[in-house]
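Now for the letters of each chain:
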Amino acid sequence: MQTRRDRAQDASYRERLLVPVSWWLLAVPVIAVLGGEVYAGFGGWIPPAIYAVFVVAVAGFLLTWGATTIEVADGTLRAGRAELPLDRTSDVVPLDEKQAALLRGPRADPAAHLMLRPYLKRAVYIRLADPGSGVPYWLVATRHPAELATAIERGRQSAGRQAVG
């Protein structure tokens with residue numbers, strides 16, 4: 001059985017969707033204001049405990065979001081916990097900010113599989129060859145849409161050759 005580390009070495013594309021530093025910096029005043037509101041009127045050990053709870057909660061949330069990876073390896077796209085065999089895909093299109101915003105909003109299909117982060121404005125559109133499963137397309141947010149789309153196309157072509165051969 002292949003471990004996560006082995007898979008990462010064999011991957012043709014791998015990206016970790018780290019939360020930007022600006023979000024971490026923004027968390028400091030948010031924690032200060034919320035903590036001040038919650039502990040107003042208390043004394044002793046309660047204010048530090050409230051701040052500690054807020055720090056742990058916000059840091060845990062940002063770390064969890066930043067731990068998400070996108071990987072193309074072994075004929076499969078892994079976006080977070082979801083997996084998509086590349087031989088089930090048809091069109092792959094890298095999207096700029098405006099195109100991605102339309103597919104996240106007014107032109108979105110409620111049945112689509114979305115792997116988005118609010119701090120990532122660009123994405124890759126992946127249409128499924130057989131939308132009979134109920135999912136017409138995947139929309140995957142990324143910092144490098146052209147590179148991800150290229151890796152998916154390469155993986156799809158090699159998955160197709162393996163299925164034929």
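Coordinates for the structure precede this section.
Residues numbered from 1 in each chain as written. Predicted model: local features only at pLDDT ≥ 70, side-chain atom pairs only at ≥ 80, totals over all residues. Heavy atoms only, no water.

S.K.: Could you clarify how one ought to interpret the pattern of salt bridges in this entry?
M.R.: Side-chain pairs of opposite charge can arise where the charged atoms are in close proximity. Within the structure shown, the criterion is met by five salt bridges. A salt bridge links Glu-71 to Arg-78, with the nearest nitrogen and oxygen atoms 3.4 Å apart. Taken individually, Glu-71 and Arg-78 each receive the classification buried, so the pair is uniform in this respect. Among the ionic pairs, Glu-83 bridges to Arg-78, the shortest N-O distance being 3.4 Å. Residue classification places Arg-78 among the buried positions, given a relative accessible area of 12%. (Salt bridge = Lys/Arg side-chain N within 4 Å of Asp/Glu carboxyl O. Buried < 20%, exposed > 50% of the residue type's maximum accessible area, 1.4 Å probe, protein only.)

S.K.: I keep staring at the pairing of strand E2 (residues 69-73) and nothing clicks. Help me out?
M.R.: Look at any regular strand and the pattern is simple: side chains alternate between the two faces of the sheet. Along E2, five of the five residues are buried, which leaves the element largely enclosed by surrounding structure. Bridge count between strand E1 (residues 13-16) and E2: four bridges; the pairing is antiparallel. Note that in E2 the partner of Tyr-13 across the bridge is Val-72. With four bridges joining them, E2 and strand E3 (residues 76-79) adopt antiparallel strand pairing. Note that in E3 the partner of Val-72 across the bridge is Leu-77. What sits between the antiparallel neighbours E2 and E3 is a turn of two residues, in which Asp-74 has the positive phi angle 55 degrees. (Helix = DSSP H or I, 4+ residues; strand = E, 2+ residues; numbered from the N terminus. Pairing = 2+ DSSP bridges.)

S.K.: I would appreciate a short explanation of the packing of aromatic side chains in the present structure.
M.R.: Aromatic rings considered in pairs are described by the distance between their centres and by the relative angle of their planes. The final tally for this structure, using the stated rule, is five aromatic pairs. Between the aromatic rings of Trp-23 and Trp-65, the centroid separation amounts to 5.9 Å while the plane-to-plane angle is 50 degrees, which identifies the pairing as tilted. Note that Trp-23 is positioned in helix H2 (residues 21-39) and Trp-65 in helix H3 (residues 46-66), a separation of 42 residues in sequence. Residue classification places Trp-23 among the partly exposed residues on the basis of a relative accessible area of 30%. On the numbers, 5.9 Å between centres and 65 degrees between planes, the contact of Trp-65 with Tyr-119 is edge-to-face. Note that Trp-65 is positioned in helix H3 and Tyr-119 in the loop between strand E6 (113-115) and strand E7 (123-128), a separation of 54 residues in sequence. For Tyr-119, a relative accessible area of 12% gives the class buried. Here the aromatic residues Trp-23, Phe-61, Trp-65 and Tyr-119 are joined through ring pairs into a cluster of three or more. (Phe/Tyr/Trp six-rings, centres within 6.5 Å; stacked < 30°, edge-to-face > 60°.)

S.K.: Would you take a moment to explain unusual backbone geometry for this structure?
M.R.: Glycine aside, a negative phi is what most residues show, and trans is what most peptide bonds show. Look at Asp-74: it is not a glycine, yet its phi comes out positive at around 55 degrees. By the secondary structure assignment, Asp-74 is in the loop between E2 and E3.

S.K.: What am I meant to see in the sheet that holds E3 here?
M.R.: The pairing of strands in a sheet comes from backbone hydrogen bonds and takes either a parallel or an antiparallel form. Spatial ordering of the open sheet is given by E1-E2-E3-E4, a layout of four strands whose pairing is antiparallel. Of all strands in the sheet, those bounded by a partner on one side alone are E1 and strand E4 (82-85). Each adjacent strand pair in this sheet contributes to an overall mean axis angle of 10 degrees, direction not counted. Direction of pairing for E3 relative to E4: antiparallel, over a ladder of four bridges. Bridging across to E4, Arg-78 finds its partner in Glu-83. (Axes fitted to C-alpha atoms, helices over the stretch in contact; angles between N-to-C directions.)

S.K.: What should I look at first to understand H3 in this one?
M.R.: Residues three or four positions apart in an α-helix share a direction because the helix packs 3.6 residues into each turn. With 21 residues, H3 extends 30 Å between its outermost C-alpha atoms, agreeing within 8% with the 30 Å of an ideal straight helix rising 1.5 Å per residue. Considering only its buried residues, H3 is in contact with E1 and H2. (Expected span 1.5 Å × (residues − 1). Contact = heavy atoms within 4.5 Å.)

S.K.: I keep staring at the side chain of Glu-71 and nothing clicks. Help me out?
M.R.: Tracing the backbone through its elements, the reader meets Glu-71 in strand E2. Residue class for Glu-71 comes out buried when judged on its relative accessible area of 2%. Side-chain polar atoms of Glu-71 contact the side chain of Arg-14, separated by 2.7 Å. (Polar contact = N/O pair within 3.5 Å; in protein donor to acceptor, adjacent residues only side chain to side chain.)

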